[in-house]
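# Report on the structure
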Amino acid sequence: MAMLKLKPSCKDYLWGGSRLRTDFGIDSDLDPLAEAWVLSCHPDGPSYIVGGPDDGKTLAAYVEEKGKDILGENCKKFEDFPILTKFIDAKGNLSIQVHPSDEYALANEHQYGKTEVWYILDCEPGAFLYYGFDHEISKEEFERRIKDNTLTEVLNAAPVHKGDVFFIPSGTLHAICQGIVIAEIQQNSNVTYRVYDYGRVGADGKPRALHIPQALAVTQCTPPTEHDFGGHLARCKYFTVDVYENDFAGTAGADSFVSLLIVDGEGTVSNDGETICVKKGDSVFLPANSGDFAVAGSIRTLCTRV
């Protein structure tokens, strides 16, 4: 079964910039260009197959046509395609926000919750992001600080550097701040509860919606916890992510599909007698049971499987 090169759906959120186009080769006329959904079966922003007999088809349609066996045994416990991968260019601050758990989201939003991991691709000097609280607070204090605009005083402002990793379980209050470009691997969900948005207005001239009752219900008002991923960049029941420099080999076996996201450099990906050229910004999907594959070149690759 052939490996697939994918083209993203893109988003022009007001805090975006232009680096996904200039630095990562994302082909989009949107300005600003905030996000590129490079591996997605979500209806809000599907990825599209590039080249071959399925050129122009969405990845979701391809999976529907071929059947869920191409996703692998580990994916059968999920009703939908389990993950969504994005490039994000935060020229400005994103809202301070939180994502719900599966239990809450399925009951209230009719889709999965959202646990995610961020891999910092680039950042301006002095850049930071908000990642949980700097000490535990009560729900009452959380609500009060939202109302009196002092929430940032108790948030954990974490400095960032290229190559840093942040694992963000559902319920963790967070915000990407200005001057940061990241790759995000997350659950296949588009549920976000905004808590604070700096008083900004949307394209319609109105303040963007906040979701305070939902945020109060799902936020863990605690500092972030340390995680041991056993040598992986990140690992949880939804995804396992590894980063590789230059040449490496792997197998897309019966357990899971493999997603290859090229985050720097250029090279080739080979599988089942076929070789394709890839460069920074490219996304490649190998169905389960595709067999051995090899990545070669002066290249950095995020490799994700379930």
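The following refers to the structure shown.

Criteria and thresholds
- Residues numbered from 1 in each chain as written.
- Predicted model: local features only at pLDDT ≥ 70, side-chain atom pairs only at ≥ 80, totals over all residues.
- Heavy atoms only, no water.
- Helix = DSSP H or I, 4+ residues; strand = E, 2+ residues; numbered from the N terminus.
- Salt bridge = Lys/Arg side-chain N within 4 Å of Asp/Glu carboxyl O.
- Buried < 20%, exposed > 50% of the residue type's maximum accessible area, 1.4 Å probe, protein only.
- Arc of directions from axis to C-beta.
- Contact = heavy atoms within 4.5 Å.
- Core = buried A, V, L, I, M, F, W, Y, C linked by side-chain atoms within 4.5 Å.

## A short note on the environment of leucine 216
Relative to the assigned elements, leucine 216 resides in helix H5 (residues 212-218). Along the sequence, leucine 216 and asparagine 289 sit 73 residues apart, while their C-alpha atoms lie 43 Å from each other.

## Notes on the pattern of salt bridges
Applying the stated criterion across every chain yields a total of 21 salt bridges. In this structure, arginine 300 and aspartate 264 form a salt bridge, with 3.7 Å as the shortest nitrogen-oxygen distance. Note that arginine 300 is positioned in strand S20 (residues 291-305) and aspartate 264 in strand S17 (residues 258-271), a separation of 36 residues in sequence. For arginine 300, a relative accessible area of 18% gives the class buried. Its relative accessible area of 27% is what places aspartate 264 among the partly exposed residues. Here the salt bridges do not stand alone but share partners, grouping Glu35, Lys86, Lys114, Glu116 and Glu184 into one network.

## What to know about helix H2 (residues 59-66)
For an α-helix, the turn length of 3.6 residues means that residues three or four places apart are oriented alike. Turning to H2, its buried residues are Leu59, Tyr62 and Val63. End-on, the buried residues of H2 take up no more than an arc of 95°, which puts them together on one face. Of the surrounding secondary structure, the elements contacted by the buried residues of H2 are strand S1 (4-7), strand S3 (35-39), strand S4 (48-50) and strand S19 (283-286).

## Details of the nonpolar core
Of all hydrophobic cores here, the largest spans 42 residues; its most connected members are Leu59, Phe81, Phe87, Phe239, Phe257 and Phe285. Elements with a contribution of two residues or more to this core: S1, S3, H2, strand S5 (83-90), strand S7 (116-123), strand S12 (180-187) and S17. With near-sequence residues (within four places) excluded, phenylalanine 239 lies in contact with Ile83, Thr115, Glu116, Val117, Phe167, Ile185, Gln186, Gln187, Ala234, Thr304, Arg305 and Val306. Counting 20 residues, the second largest nonpolar core, distinct from the first, contains Val98, Leu173, Ala175 and Ala215.

Such coordinate-based values are descriptive only and should not be taken to indicate function.
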